[in-house]
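Topology and contacts: notes
The residues making up each chain are set out below.
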Amino acid sequence: MSVSLLFSFFIYENVNRDFRRFERMEEISDEREGSGLPPFHTRRTRPMINPVLVAQARSHLLTSLGIVNLVIIGGSALAGYFLAGRTLQPIQEMVAGLNRFVSDASHELRTPLTSLRSEIEVGLRNKKLTLTEARTLITSNLEDVVRLQALSNDLLTLTQYEKITNVKTFEKLSLEEIIHRAVKITQGLAKNKHIAIHVNIGGVMLQGSRQQLEELFTILLDNAIKYSHPKGVVTLTGTTDHHKVNVFVSDRGIGIDKKVIPFIFDRFYRADTSRSKQTDGFGLGLSIAKKIVDIHKGSIEIESTLRQGSTVTVKLPLPK
Ligand code: ADP
């Protein structure tokens with residue numbers, strides 16, 4: 001806008017200087033004629049300057065420059081508005097995401113804290129509290145503390161992974177060993193529900209962080225068991241193709257409604273099937289899983305049919 005105004009000012013000043021020169025020449029010629037001096041120009045060479053036309057030309061010039069400047073100022077203002085909006089959009093989305101995260105986290109923290117507080121208050125008010133009642137109270141308190149601890153661990157893990165964008169110290173790993181470890185961690189839960197875990201992984205090798213990949217497959221296996229019916233079957237299959245290692249974690253459990261699959265990797269998202277809400281969890285597992293897969297430059301997706309089961313497919317790069 002400043003450049004346009006400056007440019008217009010120079011154009012106007014230059015053209016106007018010529019107009020003034022013509023007018024001055026005309027005035028001098030008139031004065032000489034009036035005082036009987038020989039004319040400045042001969043009548044033949046004297047330019048025919050019409051003051052009305054000069055005034056009109058000057059006003060036309062001013063109007064044109066004014067319009068051009070208005071168009072430029074309007075255009076720049078509009079472009080500035082849209083560009084600023086586009087530049088700010090990711091920041092606004094990030095702030096909105098952060099606010100949502102803080103409010104969801106506070107909500108999840110409040111539930112066990114409220115239950116803890118009210119139980120302790122009721123217990124303290126009861127002057128005749130027996131030892132058995134006190135034990136029941138402490139056991140219930142412990143459950144809330146365990147839940148709070150699990151939530152804080154998940155939050156910490158997620159924020160730690162958010163910070164990592166690229167890991168240079170990936171090692172060559174055996175998928176079988178990683179899956180074996182994940183099965184070991186989740187076997188207690190599987191035993192309680194009498195769920196059989198079938199593993200079909202050959203000598204597949206992959207590259208990555210052992211601790212992160214163990215966490216990834218523990219989350220997927222834990223979900224497959226959690227959302228399976230008792231006495232169900234969970235299958236883990238590993239294959240390789242030219243570019244990728246593919247791992248499939250399948251169950252024949254409650255499944256997920258197709259409509260909510262796009263939100264399943266969002267933080268704190270829990271599919272609203274009644275069974276899913278009855279199961280322990282905060283909706284952070286799959287967000288952590290997605291973050292780990294992103295760090296490993298892989299992909300993760302879920303195919304599911306409600307009441308029939310789900311298959312999570314993880315694709316990771318082959319070792320170099
Ligand atoms: P959490 O299991 O702690 O609720 P996740 O982020 O691991 O959180 O999963 C988000 C939601 O996705 C779960 O609440 C559940 O509704 C759904 N989900 C994940 N895995 C499965 C699965 N294998 N079968 C059915 N639903 C699943």
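In this report, we go over the structure that sits alongside the text. (Residues numbered from 1 in each chain as written. Predicted model: local features only at pLDDT ≥ 70, side-chain atom pairs only at ≥ 80, totals over all residues. Heavy atoms only, no water.)

Quick word on the pattern of salt bridges
The full count for this structure, using the stated rule, is 11 salt bridges. A salt bridge links R117 to E121, with the nearest nitrogen and oxygen atoms 2.9 Å apart. Placement of both R117 and E121 in helix α2 (residues 51-125) is noted, with a separation of four residues, approximately one turn of the helix. Judged by its relative accessible area of 57%, R117 is exposed. The partner of R267 in a salt bridge is E162, and the shortest N-O contact between them spans 3.4 Å. In this pair, R267 is assigned in the loop between β5 (244-251) and α6 (274-278) and E162 in helix α3 (residues 131-163), connecting sequence segments 105 residues apart. Judged by its relative accessible area of 32%, R267 falls in the partly exposed class. Taking relative accessible area as the criterion, E162 reaches 37% and is therefore assigned partly exposed. (Salt bridge = Lys/Arg side-chain N within 4 Å of Asp/Glu carboxyl O. Helix = DSSP H or I, 4+ residues; strand = E, 2+ residues; numbered from the N terminus. Buried < 20%, exposed > 50% of the residue type's maximum accessible area, 1.4 Å probe, protein only.)

Quick look at the side chain of T186
Residue placement: T186 occurs in helix α4 (residues 175-192). Once residues lying within four places of it in the same chain are set aside, the contact partners of T186 are T218, L221, D222 and I225. (Contact = heavy atoms within 4.5 Å.)

Quick look at the packing of aromatic side chains
Summed over the entire model, instances satisfying the criterion amount to four aromatic pairs. Aromatic pair F9 and F10: ring centres 6.0 Å apart, planes at 65°, arrangement edge-to-face. Ring plane angle 40° and centroid distance 5.8 Å describe the contact between F101 and F268, whose orientation is recorded as tilted. With F101 in helix α2 and F268 in the loop between β5 and α6, this pair connects stretches of sequence that are 167 residues apart. Comparing F101 with F268 shows no difference in burial state: the two are buried. The positively charged end of R267 is found above the aromatic ring belonging to F101, 4.3 Å away from the centroid. (Phe/Tyr/Trp six-rings, centres within 6.5 Å; stacked < 30°, edge-to-face > 60°. Lys NZ or Arg CZ within 6 Å of the ring centre and 35° of its normal.)

Quick look at the pairing of β5
Two elements, strand β4 (residues 233-240) and β5, share seven bridges in a ladder whose sense is antiparallel. Of the residues in β5, the one forming a bridge with L236 is V249. Count of turn residues in the β4/β5 antiparallel hairpin: three residues. Examined bridge by bridge, β5 and strand β7 (residues 309-317) share eight bridges and lie antiparallel to one another. Looking at β7, one finds that F248 is bridged to T313. (Pairing = 2+ DSSP bridges.)

Some details on the site of the ligand
Of all residues adjacent to the ligand, which total 20 residues, the nearest are N223, Y227, R270, S276 and L286. Between N223 and the ligand, the recorded distance is 2.8 Å, taken from a side-chain N or O atom to an oxygen atom. In this structure, an oxygen atom belonging to the ligand sits 2.7 Å away from a side-chain N or O atom of Y227. Out of a free accessible area of 530 Å², the ligand has 97% covered by protein chains. Among the elements of the structure, α5 (210-226) and α7 (285-295) are those that each provide at least two residues to the shell around the ligand. The element that contributes the greatest number of residues to the shell around the ligand is α5, accounting for three residues. Per-class residue counts for the shell around the ligand are 10 nonpolar, seven polar and three charged. (Near = heavy atom within 4 Å. Polar contact = N/O pair within 3.5 Å; in protein donor to acceptor, adjacent residues only side chain to side chain. Areas by Shrake-Rupley, 256 points an atom, 1.4 Å probe, with all protein chains shown as cover. Nonpolar A, V, L, I, M, F, W, Y, C, P; charged D, E, K, R; others polar.)

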